[in-house]
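The residues making up each chain are set out below.
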Amino acid sequence: MLAEDSVLLREGLIGLLTRCGHEVVAAVGDAEGLLAAVATHTPDIVVTDVRMPPGFQDEGLRAAVELRAEQPALPVLVLSQYVQRTYAADLLDSGDGSGVGYLLKDRVGQVEEFVDALREVADGGTVVDPEVVRQLLRRRRDPLERLTPREREVLALVAQGRSNGAIAAELVVSEAAVGKHIGNILAKLDLPPADETHRRVLAVLAFLRA
């Protein structure tokens, strides 16, 4: 089962997998289609991208986590350009940690490397690109290390319960500047688009844990 929003890449992967002796029972371009196709076809393994329609954020990876929650033994291989660290950790922790993989498209040097990883994950193994491991370990050390000093200052004021207007007055900047800082903070903490108040709470919790 293949989920990839790029038509050219999707068709290329179908051809590659078919030549290597695999049957692609379904290929879709969004997360909703992925969930429906898995329910219909009961595949031996799912290969999915991370960023997919409609938001191009983390829809594919969230769908993979949902599938593993429902079917812990379902092998899933993520193939993406990005490390979405929050849900990547959830995926790798799902089930008993077997039958799961996360590869970065730009770091797959040979076709055989991808095909071998696919077979290993399908057989219950775990394959994770070292760069994914590095970023996950960095996140667990200090989730705030990606923030600039100013962003840390803004987050500290958010943790005190200050509104954007109050933060702007404290730092002698515009509310628009504060909003931009907060947007950067949420993005760097890998907090996907959702209810704005909920995301601020999660950011504050990350600040307090650090």
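The rules we used
The residue numbering used here restarts from 1 in each chain and proceeds along that chain's sequence as written. Only residues with pLDDT of at least 70 get local features here, since the model is predicted, and only at 80 or more are side-chain atom pairs given and counted; chain-wide, interface and lining totals rely on the full set of residues. Side-chain descriptors were evaluated using all non-hydrogen atoms of the structure, hydrogens and water having been removed beforehand. Numbering of helices and strands runs from the N terminus; a helix is a DSSP stretch of H or I covering at least four residues, while a strand is a stretch of E covering at least two. The cut-offs for exposure are 20% and 50% of the maximum accessible area for each residue type, with area from a 1.4 Å probe on protein chains only; residues under the lower value are buried, those over the upper are exposed, and the others partly exposed. What makes two residues a contact is simply this: any of their non-hydrogen atoms within 4.5 Å. Here the open area of atoms and residues is found with the Shrake-Rupley method and a 1.4 Å probe, where only the protein chains shown may cover a residue. For the purpose of charge, His is not counted, nor are the chain termini; Lys and Arg are scored as positive and Asp and Glu as negative. For charged residues, the charge sits on one atom: NZ in Lys, CZ in Arg, CG in Asp, CD in Glu. Only Phe, Tyr and Trp rings take part, Trp by its six-membered ring, and two of them pair if their centres are within 6.5 Å. Stacked means planes under 30 degrees apart, edge-to-face means over 60, and tilted covers everything else. In this scheme, the term charge over a ring applies when either NZ of a lysine or CZ of an arginine sits within 6 Å of the ring centre and within 35 degrees of the ring normal. Only protein atoms enter the calculation, which uses a 1 Å grid: trapped sets of points that fit a 1.4 Å probe without letting it out are cavities, open sets showing protein on both sides within 12 Å along at least five of seven lines are pockets, and any residue with an atom within 4 Å of a point is a lining residue. Grid points are joined across faces, edges and corners, and a volume is the space filled by probe spheres set on the points. In this classification, Asp, Glu, Lys and Arg are treated as charged, Ala, Val, Leu, Ile, Met, Phe, Trp, Tyr, Cys and Pro as nonpolar, and every other residue, Gly included, as polar. Like charges are joined within 9 Å and nonpolar side chains (Val, Leu, Ile, Met, Phe, Trp, Tyr) within 5 Å, but only among residues with over 30% relative accessible area and no salt bridge; these make up the patches. Any Lys or Arg side-chain nitrogen located within 4 Å of an Asp or Glu carboxyl oxygen qualifies as a salt bridge. UniProt positions are given in the numbering used here, feature names are shortened, and annotations may be inferred rather than shown by experiment. Under the rule applied, a polar contact is a pair of N or O atoms within 3.5 Å (in protein, one hydrogen donor and one hydrogen acceptor; residues adjacent in sequence only if both atoms are side-chain atoms).

- By the naming in an unreviewed UniProt entry, the chain is Response regulator transcription factor, taken from Streptomyces sp. 900116325.

Observations regarding the overall build of the chain
Phase 1 of the analysis: When helices and strands are counted, the chain shows 10 helices and 6 strands.
Phase 2 of the analysis: Across the 210 residues that make up the chain, the buried fraction comes to 43%.
Phase 3 of the analysis: At a minimum sequence separation of 6, the contacts of the chain that also span at least 24 residues come to 64%.
Phase 4 of the analysis: Carbon and sulfur atoms provide 52% of the accessible area of the chain, an area that totals close to 10,600 Å².
Phase 5 of the analysis: Of the charged side chains in the chain, 23 are positive and 32 negative, and the gap between their average positions amounts to 8 Å.

A look at the packing of aromatic side chains
Phase 1 of the analysis: Counted by the stated rule, this structure contains 0 aromatic pairs.
Phase 2 of the analysis: Its end group placed over the ring of Tyr82, Arg51 keeps NZ or CZ at 3.6 Å from the ring centre.

Thoughts on empty space enclosed by the protein
Phase 1 of the analysis: In total, this model carries 1 cavity of 30 Å³ or more according to the counting rule given.
Phase 2 of the analysis: Quantified by volume, the largest cavity comes out at close to 40 Å³.
Phase 3 of the analysis: If you trace the largest cavity, you find it lined by Leu155, Val158, Ile182, Ile185, Leu186, Arg200 and Ala203.
Phase 4 of the analysis: A class-by-class count of the residues in the lining of the largest cavity yields 6 nonpolar, no polar and 1 charged.

Digging into a nonpolar patch on the surface
Phase 1 of the analysis: Taken together, the side chains of Val201, Leu202, Leu205 and Leu208 define a hydrophobic patch exposed on the protein surface, amounting to about 330 Å² of accessible area.
Phase 2 of the analysis: Residue position: Leu205 is located in helix H10 (residues 196–209).
Phase 3 of the analysis: Using a relative accessible area of 33% as the deciding quantity, one classes Leu205 as partly exposed.

Let's talk about the environment of Glu153
Phase 1 of the analysis: Assignment of secondary structure puts Glu153 in helix H7 (residues 149–159).
Phase 2 of the analysis: By relative accessible area, which is 38% here, Glu153 ends up partly exposed.
Phase 3 of the analysis: On a C-alpha basis, the gap between Glu153 and Ala31 in space is 37 Å, while along the polypeptide they are 122 residues apart.

With respect to the UniProt feature "modified residue: 4-aspartylphosphate" (unreviewed entry) in the chain
Phase 1 of the analysis: UniProt records the feature "modified residue: 4-aspartylphosphate" (unreviewed entry) for Asp49 in the present numbering.
Phase 2 of the analysis: Looking at the element boundaries, Asp49 is found in the loop between strand S3 (46–48) and helix H3 (59–70).
Phase 3 of the analysis: Ignoring any residue separated from it by four or fewer positions in sequence, one finds Asp49 in contact with Ala3, Glu4, Asp5, Gly60, Leu61, Leu79, Ser80 and Lys105.
Phase 4 of the analysis: Separated by 3.3 Å, the side chains of Asp49 and Ser80 make a polar contact.

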